[in-house]
Amino acid sequence: MATATAPIKVDAATDERVSHAAHFLSRSKKDIVDAAVREYIDAHRDEINAGIRAALSQLNGTDGAAVSMMTGMSAEELDDLGGLPK
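Conventions and cut-offs
Residues numbered from 1 in each chain as written. Predicted model: local features only at pLDDT ≥ 70, side-chain atom pairs only at ≥ 80, totals over all residues. Heavy atoms only, no water. Helix = DSSP H or I, 4+ residues; strand = E, 2+ residues; numbered from the N terminus. Rg over C-alpha atoms; globule rule 2.2 N^0.38 Å. Buried < 20%, exposed > 50% of the residue type's maximum accessible area, 1.4 Å probe, protein only. Axes fitted to C-alpha atoms, helices over the stretch in contact; angles between N-to-C directions. Parallel < 35°, antiparallel > 145°, perpendicular 65-115°, else oblique. Contact = heavy atoms within 4.5 Å. Nonpolar A, V, L, I, M, F, W, Y, C, P; charged D, E, K, R; others polar. Salt bridge = Lys/Arg side-chain N within 4 Å of Asp/Glu carboxyl O.

### Digging into the overall build of the protein chain
Then, number 1: In terms of helices and strands, the protein chain carries five helices and zero strands.
Then, number 2: In sequence order, the protein chain lays out its α and β elements as α-α-α-α-α.
Then, number 3: Taken over the C-alpha trace, the protein chain has a radius of gyration of 20 Å; the compact-globule value for 86 residues is 12 Å, which it surpasses by more than 25%.
Then, number 4: The 86 residues of the protein chain split such that 7% are buried.

### A look at the packing of helix 1 (residues 12-25) against helix 2 (residues 29-43)
Then, number 1: Contact geometry for helix 1 and helix 2: axes closest at 8 Å, N-to-C directions at 110°. It follows from the interaxial angle that helix 1 and helix 2 lie roughly perpendicular. For the pair formed by helix 1 and helix 2, the contact residues are Asp 15, Val 18, Ser 19, Ala 21, Ala 22 and Leu 25 on the first element and Lys 29, Ile 32 and Val 33 on the second.
Then, number 2: The residue makeup of the contact of helix 1 with helix 2, split by class, is six nonpolar, one polar and two charged.

### Some words on the side chain of Ser 68
Then, number 1: Summarising the element assignment, Ser 68 is placed in helix 4 (residues 63-71).
Then, number 2: Using a relative accessible area of 17% as the deciding quantity, one classes Ser 68 as buried.
Then, number 3: Here Ser 68 is in contact with Met 73, Ser 74, Ala 75 and Leu 78, once residues within four sequence places are set aside.

### Focus: the pattern of salt bridges
Then, number 1: What the rule picks out here adds up to three salt bridges.
Then, number 2: A salt bridge links Arg 38 to Asp 34, with the nearest nitrogen and oxygen atoms 3.0 Å apart. You can see Arg 38 and its partner Asp 34 sitting in helix 2, four residues apart, about one turn around the helix.
Then, number 3: Note on Asp 34: relative accessible area 38%, which makes it partly exposed.
Then, number 4: One salt bridge in this structure joins Arg 45 and Asp 42, with 2.5 Å as the shortest N-O distance.

Right, here's the structure in full:
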């Protein structure tokens, strides 16, 4: 699988921490951020999976359910705005 690069933005204090860690560990900033994100996701995998399961339980295969989940609006609120095409 080809890897793509995408810039991320962090505040100045975080960037400084990443820079110092990279320097003192003789690694690139990219390597430090990659390792940190992977460790964070691994440590929070159960919470992430619970969120995925909760989101999937709200979907019933309709466009309305998907729009409601993405916008946070109820089906009634969507209908008040004109609803969705059938």
